[in-house]
Amino acid sequence: DDVMAVADCGWGMLFARNAQEAQDLALIARRAAENARTPFMNIQDGFLTTHTIERVRLAEPGLMQEFVGDPRTRVPALFDPAKPLMTGVIQNQDAYMKGKVAQRFYYDEVPRHLREAFAEFHRLTGRRYDFVDGYRLEDAEYAIVGFGSVMETAMPAVDWMRAELGWKVGLLHVTSFRPFPARELVAALKHCKAISVIERMDNPLAKDNPLTTELKAAFA
């Protein structure tokens, strides 16, 4: 609930399924945020998942330094006494909306920078991440969609349903909720007869919960 309360503030949002992904996505989010000049949130859902023991392959300091790099080469120093700049002042409607529209220049570039961070992390570590991560979707007639730790638990459930029940079930983890991967999501699920969305929150006053709403919009 707390994460979805800020889902539309204009920040990138990456969801981890376990502690390993939480570490890896922290580095990926840092690189993408600084290159895109757009803040990112790195999210692992709790409560129990943050109070258990897991094996984690920690990135070496040298690898982290190589991957993240020196922020001074990417993050601009906006405050210069020789070039005065006002921040926090009240803007009337015309100026405010011009500023909001101008933000699109940066937001339109966020997917490109995130994709580049995914690719470079895979090159350095061998661990592959993407906007979405499918499991046994190649011939799936039914799919489970969600994000976070529940999707790691759902993977053996998919294996069991295939082996014991003969159901052609697959799974899709949405790693990047912002920017939302509409094209990738539709491409992965377009052959499925039915889709079940698992969400760890309930918004009873909305038409649907957040991920379900976004998924329907993507297909529309």
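Residues numbered from 1 in each chain as written. Predicted model: local features only at pLDDT ≥ 70, side-chain atom pairs only at ≥ 80, totals over all residues. Heavy atoms only, no water.

Undergrad: Help me out: how do you make sense of the nonpolar core in this one?
TA: Side chains that are nonpolar tend, in soluble globular proteins, to be buried together. Core analysis: the biggest nonpolar cluster contains 23 residues, and Phe177 and Leu189 have the highest contact counts within it. Elements with a contribution of two residues or more to this core: β1 (12-16), β2 (40-44), β4 (142-146), β5 (169-174), α7 (182-189) and α8 (210-219). Once you skip the residues sitting within four places of it in the chain, Leu189 turns out to touch Leu137, Ala143, Val145, Leu172, Ile195, Leu215 and Phe219. In this structure, Ala22, Ala32, Phe40 and Leu114 belong to the second largest nonpolar core, which totals 22 residues. (Core = buried A, V, L, I, M, F, W, Y, C linked by side-chain atoms within 4.5 Å. Buried < 20%, exposed > 50% of the residue type's maximum accessible area, 1.4 Å probe, protein only. Helix = DSSP H or I, 4+ residues; strand = E, 2+ residues; numbered from the N terminus. Contact = heavy atoms within 4.5 Å.)

Undergrad: Even after reading the chapter, I still don't get the packing of aromatic side chains, so can you show me in this structure?
TA: A ring pair, where both rings are aromatic, is described by two values, the distance of the centres and the angle of the planes. Using the criterion set out here, one finds eight aromatic pairs in the structure. Note on Phe118 and Phe131: the rings are 5.6 Å apart at their centroids and 85 degrees apart in plane angle, and the pair reads as edge-to-face. In this pair, Phe118 is assigned in helix α5 (residues 110-125) and Phe131 in the loop between α5 and β3 (132-135), connecting sequence segments 13 residues apart. Neither Phe118 nor Phe131 differs from the other in exposure class; each is buried. One aromatic cluster in this structure is built from Phe15, Phe147, Phe177 and Phe180. The ring of Phe67 has Arg31 lying over it, and the distance from NZ or CZ to the ring centre is 5.0 Å. (Phe/Tyr/Trp six-rings, centres within 6.5 Å; stacked < 30°, edge-to-face > 60°. Lys NZ or Arg CZ within 6 Å of the ring centre and 35° of its normal.)

Interpretation note: all reported values are geometric properties and have no functional meaning in isolation.
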